[in-house]
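Understanding the architecture of this molecule
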Number of protein chains: 4
Amino acid sequence: MSHVSGTSSLDRDAGTLRQQGLLEAFKHVRAMTVALTDGLSAEDCMLQSMPDASPVKWHLAHVTWFFETFVLEAATGSHYAPFDPAFRVLFNSYYVGVGERHPRAERGMISRPTLERVFAYRQAIDERTAALMASNAIDDALLDIFELGLNHEQQHQELILTDLKHHLWNNPLRPAWRAAPGDVGAAAAPWVPMRFIGRPEGIAQIGAEVAGFAFDNERPRHRAWLAPFAIASRPVTCGEYLRFIEDGGYARAELWLADGWDARLREAWAAPLYWECAHLDAAHDAAWQVFTLHGMKPLASDQPVAHVSYYEADAYARWAGARLPTEAEWECVAETADGASLQRRGEGWEWTQSAYLPYPGFRVASGAVGEYNGKFMVNQMVLRGGSSATPVGHVRSSYRNFFPPQARWQFSGIRLARDL
Amino acid sequence: MSHVSGTSSLDRDAGTLRQQGLLEAFKHVRAMTVALTDGLSAEDCMLQSMPDASPVKWHLAHVTWFFETFVLEAATGSHYAPFDPAFRVLFNSYYVGVGERHPRAERGMISRPTLERVFAYRQAIDERTAALMASNAIDDALLDIFELGLNHEQQHQELILTDLKHHLWNNPLRPAWRAAPGDVGAAAAPWVPMRFIGRPEGIAQIGAEVAGFAFDNERPRHRAWLAPFAIASRPVTCGEYLRFIEDGGYARAELWLADGWDARLREAWAAPLYWECAHLDAAHDAAWQVFTLHGMKPLASDQPVAHVSYYEADAYARWAGARLPTEAEWECVAETADGASLQRRGEGWEWTQSAYLPYPGFRVASGAVGEYNGKFMVNQMVLRGGSSATPVGHVRSSYRNFFPPQARWQFSGIRLARDL
Amino acid sequence: MSHVSGTSSLDRDAGTLRQQGLLEAFKHVRAMTVALTDGLSAEDCMLQSMPDASPVKWHLAHVTWFFETFVLEAATGSHYAPFDPAFRVLFNSYYVGVGERHPRAERGMISRPTLERVFAYRQAIDERTAALMASNAIDDALLDIFELGLNHEQQHQELILTDLKHHLWNNPLRPAWRAAPGDVGAAAAPWVPMRFIGRPEGIAQIGAEVAGFAFDNERPRHRAWLAPFAIASRPVTCGEYLRFIEDGGYARAELWLADGWDARLREAWAAPLYWECAHLDAAHDAAWQVFTLHGMKPLASDQPVAHVSYYEADAYARWAGARLPTEAEWECVAETADGASLQRRGEGWEWTQSAYLPYPGFRVASGAVGEYNGKFMVNQMVLRGGSSATPVGHVRSSYRNFFPPQARWQFSGIRLARDL
Amino acid sequence: MSHVSGTSSLDRDAGTLRQQGLLEAFKHVRAMTVALTDGLSAEDCMLQSMPDASPVKWHLAHVTWFFETFVLEAATGSHYAPFDPAFRVLFNSYYVGVGERHPRAERGMISRPTLERVFAYRQAIDERTAALMASNAIDDALLDIFELGLNHEQQHQELILTDLKHHLWNNPLRPAWRAAPGDVGAAAAPWVPMRFIGRPEGIAQIGAEVAGFAFDNERPRHRAWLAPFAIASRPVTCGEYLRFIEDGGYARAELWLADGWDARLREAWAAPLYWECAHLDAAHDAAWQVFTLHGMKPLASDQPVAHVSYYEADAYARWAGARLPTEAEWECVAETADGASLQRRGEGWEWTQSAYLPYPGFRVASGAVGEYNGKFMVNQMVLRGGSSATPVGHVRSSYRNFFPPQARWQFSGIRLARDL
C-alpha cells in the first residue's frame, strides 16, 4: 500500500490544507519537546529511577522513532534507509508488531547513543518528515497516523515531566529540574468552598464526537444510563487531605480496599508521594515539605492534592462520606457549563471509579499501531482531567488517562461524588 | 443491641416460619459440607498448595467461626464463652473489624487443632446454634446474617473443591479426591453447534430483586443501557480451545492483553491449568490428559473448557473474532427463555469483560460483616454462571463471582459475545 | 558387582561378627527414630515451615529410602522389586546420581502416601533388610554403606527434632512436641566460671583415625600448624548473651560482619531464634520466654545460648573481646583431658571460625553415595560439639557439622577463643 | 590527636623522604585514574548495571572522598571545611563509622553532581592534599593511611575497568571502552604445555613481611603446614575450557558443588560471562565471540580463561581430575623461582579453594578505616594473581583478592593443583 501520490504540485484542496496544518503543528510540537530539556545535562537525561519511568533521552528518541517507523518508513516502503538500524529495537516501546524491543527496565543502561546523537536523530527525522510533507500528497490514512504521532509526542511531553520528577527525587540532594515561576505539578487554584453539582438520572452521551482528533479509546461515542448523582465543584486540596492524615486515615483499615491496605502496608505509605514531614508534629501543615520540579517547597494547603494512588483517593472519599465519580459521570458533567472546571488545566488528573475497559463497539486499528491503547485495557483505572504538565489540547472532556491503582508518580488527585 | 427476644414460646408468625426454615437449611448445608470430606485423611485436609487456596480443615473451621462470631456471639453479647478463644484469630479470614488474623499463607502450618478437634468444633457450634434458633425469637437483622452465613458456607463448599483440586495436583502422584461418577469440574455437556442470541439496544434491569437472598454486591437492582449485541448459546468447549492452541494461540502476542502476555511468559502457560500433554504431537486431542478431582482423565473434547485465566479467555475470544460479554449482557440474556443455558449448573463459570465494581447506589453493611464483598472491588473481573462444584442455589442470573484476571484454579471458562 | 556371596551358612569370622553387630544396631536405630514420633499426629508429621526444614514424615521415609536404594537394591541388582516405584523420586533428598527428586520446598505437599503407609514402608524395608542381613554374607563395601545408612538415620533423628521445633513454632499456639522432663534443646548445664584453656603453638593431628566409623568429611587425618591460642572451658550462657543484647549488641554495626549486619537488618533479628520478649523491659532476664520442644518456657540464664546464627556468634565474640575458635583448635583441645567438656552432649553445637572445606587429600566415594558430603563444601561454616538432640555416638571430637552462616534453627551456640 | 607537626621547614629525615615519595606517588596514581576515563562520556560514567558494579563517576569521587575524609579531615580536625558536605554521604562506600551512606544500588541515580563537578572535586582535593603534604610534617600513622589511600585508589582503578566492562555489555550495541592495542582483560599468553610443579610436605611461611606496604588482611605473616602437592605451571586457557563445555560440563551435575549447580540452573550459565555463541556448532572455537573492553572479539584459544565463577572453576578442576590450589599452596610456590609465573600480570586472577578468613593473629585497625577488609571475611573465596587491569604494584605473592563464589564480572580464571 502506498500512502504517497506521485504528484509533485499540491492541490489546494482539503487534504492539502490538513497536511499543511499538520506540518505546522509538527514543528511546534517537536520544538516544545526539546524546550522541556533546557537546563538538563546529558546525565540528567539518562536517569531511570524505576521501570515505569523512562529516561528523558529515551522519550526524546522514542517519539522520533514513532514518526520514523509509522510515517517515514510507511510512506517510503521497504527501501527506506533508517537513520540507524539499531534504533528500531532500542526505541521501540511496546509494539510487538514492529519487532524486538530493548527491555523497559534497562532503558537507563543506554549511554550510547549519546544525548547529542539523539538530538541529531531528532533533527534528521524532522528534516525528512518536513521534506516528505512538503513535497508529496499524503493520503488520509497516513495523515491520521501522523496526527496520532503528534498527540503521542504530546503524551510523552507530560511523561518527560512526571518521570523526570521521579528520577530527580531519587537523588538525596532533591535537585530541581529548573528554578521557575510556579511548579508544573501544582498550579495555583484559589480555594473556594466545595459544592456538589447534581444531575438527575437519564441517558448520557459518552465519548468523542466523530470530528476532530481523539484517541481510539475515546470512541465510539455511545449512550450510558446514569443514576442520579452529584459531583464536587472542585478537587480535594492538600489542606483537606491533611485532615484525613491527621484523622488516622493511613491507620484505619476499614477505610481502604483490601488491595489498597496491602499496598499501604507494603510500601509504608503515610502521605502522598513527594510529601516529606520535616518536624515532629505531622498534624501541622507547616510540618510538610513537598518535592516539586523546582525542588522542595512548603505544602500549599489550597492547591489540589496530587500524587495519590487510586487506593488513597478511594480511602479519602470513603472517609469523607463520599465516593469517586465514574468516568461517565465525570464526562457528562464536564460537558455542561456548570462542570467546566473539570476540564481546567493545572488542577491535576482525577481518579475515577471506572476500570479502563473498551467502550461498546470499540475496535483496535489494524497493524502495529493498533497496539496503542487496546492491549492495556485491564488492571487499570481511568483518570480524567489534566495537570499543568498536560499539553493544552489534551485537556478535553472525553480524554481517558489510565494507570494501575497503585501508581503515584503521576499528578493524580481526587474529586468527590455522591449518589443522590 | 439485642437480637433475641425474651419470649420462650414462639409465635406462628412470618418471622418464626423464616427462623424454622433457616434452621432446617442450616442442618442441610452443614451436613453437605462435611460430606465433601468423605474419604479425605487428616493429612489431605491440611494441604495448602498456595496462599490463595486454603486447607480443607481451615474451610471447615472458618465457616463455623462465621456462625460463632456473627450469630452466636452477636446474639449472646460480651458474656459469650467461645469454644476456644484462639479460634477467633486462627479462623478469621479477612475481617479486620473482628481483630487479628492468622496469616493466609500460613494456614497450612496449623497441625493443631487437629481435624478431629475441628469436627468437634463444628458439632459444638451446630448444637449451640440449633439451641439458639429453637428456643429464642431472633430478630430479622440477625436472621439476615444467619442466612448470609448459610450462603457463605455454600461458597466455601465450592472453594473446598477448587482448593483441594489444586492441593492434590501439587502431589506428583496426582491422587484423586475420590473415585466417582463424573468429575465435579467437568459435567457432561452434550455438544451442540454454537449459535448467537441477539438482543437489540435498550435499557436492561440488572441486579437482584428486593425479595429473596442475594449478596450485597448483587444490589441494588438498577438500569443499564446496552448497545445491540449477541451472546453465544453455549460455552467454548475443550475441543474448540484446542484449535486455538494448535493455531499458535499461546505464541501470538497480538492476541493478548499486555498484562496477559506478561503472565503467559512469566508462568510459561501453554494450555489451561491441569492439562498435561502426554505425547509429542500436542495437536492431537488424544495427546492430552486432564487432572480432575478423580485423577488424570483423557481430554473430553465436548466439555466446556475450564481453568483458564481471564487473559486466556480474552485471547481466545479475540482469536475467534469475538469478545467476552459484559456482565450486564450476560445477566439480561440469562433472564430470558433463550438464555436459560447461561444459568445451567455444571457448565462452569464464565469470565465477563466487566471489572468487579460497585453497582450504582451500592452500600456496604455496617460492622465487620460489611467487609464481606465491598473491599474487594478492584483488580478483579466478574464471572457469571456456576460450575458443578457450585451449590445449586448459587446458580442464579444476578450472582457475581469475581477473581483476579490471572486466576486459573477455579472452574473458569469462556462464553463468546459480539457487537451487532 | 555383587555385594552378596552365595553361601547360606555364615562363618563365624570377623565379617560375620561385624554384620551381626550392624544388624543389631539397625534394629536399635530404627526403633529410636520411630520413638521420636510418639504423640505426634499425622498432621504434625506433615508440617513444613520452610524449605530447609522437612516434614517428619519425609524424614521417616527418606532414611528408609536410603537403605532401600543403597543397600537392598545394590545387593539385589536390577531385578529388585521396589516397595513403591514412586518413592524413588519422592524420598530422594539430593542424590542426582539416583535420578529425579521431588522439590525440597514441596515436601509438605505430600498427603499421600499417608503417615500410615510410610510406617508400612519402614516395616517392609526393616523386614527385607533383616532378611538380607541374616541370610547372606555381605561384603565389606556394602557393609560400609549399611553403616553409613545407620549414621545417616541418626543424623535425621536430630533433624526431626530441629525441624519439628521450627514447624511447631510457626503455629501461633506454640504447641509442644510432648510434655517431658527437660527440653531436648536446653540440657541443664550448671553454671561455672568461664576460664580459658591455653595451648602453645605446634603441629596438631586433625581428623578421624582410620579405625571406626566416621563420615568421609572427617578424613583423612592430617597435620595442621596451630599458633598459640586459648579456648573457653564452657559455652556462652543465655544470661551472658543477654548482657550483649542489653549493651545494644544488635544495634552496633561495628560488631558485625557486613553480611551479618545485612541479615540482622533484613530479618529484624533482635535476639536468638525462639526468644520472645514478654514485657517492656527487655533487659530483665524475666522478660524473656523461650520456645522449646515442650512449649514456651522462662529463659534459663545458666543454660548455653542456642539458636544463634554464625553472624550473631561472631558479633558476640567480638563484643566479648574474643573470637570464635577454628575447628582445628576446637578438635585438638577436645582430645585432651582438659577439653573433655567440648564433647559433652547437651551443650549444643558451637560455631567455629572455619569454613566447611575439604581436608587435604579428601576424596569423595564413587557413585551416588559420594554426594553425601563433598558437594556442600562451600558457603557453610563448621560447627563442633553436639546438642541433646544429637545421638550419643555422634558426639565425637572429629565430627564436622556444617550450616550456612545465617542458619538459626539448629541448636547452635557459642564458645569463645583467643590468640595468645 | 594531631597528625601534623607545627614546623614549616621540613627536615631531610626518613619521615620526610617517605612523605615526599608518597606525594610523588599520589600525583602519579591520581593521574592514572583520570587517564582511564579518556574517551568516556559523562553518560558512560553514570552507568550502573548492577548493585555490585558502581558507576565510573562514583569511583572517581569515592577514592577522592577517602583522601578527604581519612587524610585531610583527619589532619585538620573538626574545623575542616569540606568541599561539599553532601559528598560525605554520597561517596561513602561502606564505612559505617563515618556515618550515613547513599544506597549502593542507587549510585546510578546521581546525575548531580555532574561528572564535571566530580572532576573539580578531584582537583580541589589534589591541591589541598599537595599543599598539606608539601608544607607540614605528617606523622607516620597518617602517612600509613595516606599510603592506604593510594593502594585503595589503585584497587578502584581495576574496579573502574571491571565495572565499566559490565555496564557497557548491558547495552545491546556492545560498545567499546576504546579501540586499543590488546584487551586489558586478555593479555597475550603464548601457549605452553601445562606441567605440574611439586612441593613436598612441610611448614610454609605465609603472609606479607613486616616491611613495605600490604593490606591488613595479608598479615600477620605466619606458619602453615602443607601436605605434599603440585600446582600447574600456567592457568587454564580458553581453548581448554572449551573442551569442558563440549564435554557437557555445564550439563553434568556430578561435576558441580550443590550451590554451584543451583546457580548454574538459576542463571542459565552455559559458558563464561561475556562469551557469546555466534553459530550453531558451539563446539567450534570459531563459533564464539567474546565481549572485551574493546568490543566483541573472536575467542582467543591460547589466552587464559576469565570471567568464570568459583563454581565453574571448581567444576572444571573436578572434570580435569584435579582441584583448585589453596591460597597457602599458591603463595608458597609463587615465592619460588619455579612459580614466578603465578605473579605475572595479565594472566588473570585465579580462584583458590580457600575461604576468605582472617589469618591467625589478625587484628583490624582502630577507627572507621578498620572496616577496610575485616568485615568481609565470610561467604567469599580468595583469588590470587592479578589481571592486566591490576595496577602493577598489586601483583605480589601475598595479595589476597576475594569475591563471592558466584561472581563472574572480575577477570577471574583457573589454575589447577593436585595432591601428591
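Residues numbered from 1 in each chain as written. Chains lettered and ligands numbered in written order. Predicted model: local features only at pLDDT ≥ 70, side-chain atom pairs only at ≥ 80, totals over all residues. Heavy atoms only, no water.

**A short note on the interface of chain C and chain B**
Facing 29 residues of chain C, the contacting portion of chain B comprises 29 residues. Summing both sides of the interface, chain C and chain B together bury roughly 2,300 Å²; the carbon and sulfur share of this comes to 58%. The salt bridge partner of Asp-44 of chain C is Arg-112 of chain B, with a shortest N-O separation of 3.0 Å. When grouped by side-chain class, the residues that make up the side of chain C that touches chain B number 16 nonpolar, eight polar and five charged. (Contact = heavy atoms within 4.5 Å. Buried area = accessible area lost by both parts, 1.4 Å probe. Salt bridge = Lys/Arg side-chain N within 4 Å of Asp/Glu carboxyl O. Nonpolar A, V, L, I, M, F, W, Y, C, P; charged D, E, K, R; others polar.)

**Things to note about the nonpolar core**
In summary, soluble globular proteins display a tendency toward joint burial of nonpolar side chains. With 401 residues, the main nonpolar core has Trp-275 of chain A, Trp-275 of chain B, Trp-275 of chain C together with Trp-275 of chain D as its most contacted residues. Aside from chain neighbours lying at most four places away, what touches Trp-275 of chain B is Cys-238, Tyr-241, Leu-242, Ile-245, Trp-288, Gln-289, Val-290, Leu-299 and Val-305 of chain B. (Core = buried A, V, L, I, M, F, W, Y, C linked by side-chain atoms within 4.5 Å. Buried < 20%, exposed > 50% of the residue type's maximum accessible area, 1.4 Å probe, protein only.)

**Notes on the sheet that holds strand E12 (residues 417-419) of chain D**
Residue and element names in this part refer to chain D. Ordered in space as E1-E4-E12, the three strands form an open sheet in which the pairing is antiparallel. Only two strands of the sheet have a single partner each, and these edge strands are strand E1 (196-199) and E12. On average, each strand axis in the sheet is inclined to that of its neighbour by 20°, with strand direction left out of account. Taken together, the four bridges between E1 and strand E4 (residues 229-232) define a ladder with antiparallel strand orientation. Residue pairing across strands places Arg-199 opposite Phe-229, the latter belonging to E4. The sheet contacts of helix H9 (residues 327-334) involve E1, E4 and E12, and relative to E4 the element is tilted by about 75°. (Pairing = 2+ DSSP bridges. Helix = DSSP H or I, 4+ residues; strand = E, 2+ residues; numbered from the N terminus. Axes fitted to C-alpha atoms, helices over the stretch in contact; angles between N-to-C directions.)

**Digging into the packing of helix H2 (residues 56-76) of chain C against helix H5 (residues 140-169) of chain C**
All names here are of chain C. Contact geometry for H2 and H5: axes closest at 9 Å, N-to-C directions at 175°. In this view, H2 runs roughly antiparallel relative to H5, as classed from their interaxial angle. Across the contact of H2 with H5, the residue classes tally to 17 nonpolar, five polar and two charged. (Parallel < 35°, antiparallel > 145°, perpendicular 65-115°, else oblique.)

**Section: unusual backbone geometry**
Residues and elements named next belong to chain B. The omega torsion of the bond from Arg-219 to Pro-220 falls at 0°, within 30 degrees of zero and hence cis. You can see Pro-220 is positioned in the loop between strand E2 (202-206) and strand E3 (222-226). Non-glycine residue Asn-379 carries a positive phi angle of around 65°. Tracing the sequence through the fold places Asn-379 in the loop between strand E8 (348-355) and strand E9 (381-386).

**Topic: the confidence of the model for chain A**
Summarising the model, chain A shows a mean pLDDT of 92, and 93% of its residues fall at 70 or more. Scoring of the predicted complex yields 0.95 for pTM and 0.94 for ipTM. (pLDDT = per-residue confidence, 0-100.)

**Focus: the relation of the copies chain A and chain D**
Of the transformation superimposing chain A on chain D, the axial component is 0.0 Å and the angular component is 180°, with the fit at an RMSD of 0.0 Å. Here the copies are linked by what is in effect a two-fold axis. Taking C-alpha positions as the reference, the residue of chain A nearest the rotation axis is Glu-43 of chain A, at 2.7 Å. When you check the interface residues of chain A against chain D, 100% turn up at the interface there too, and the contact is symmetric in its surfaces. (Least-squares fit on C-alpha atoms with pLDDT ≥ 70 in both.)

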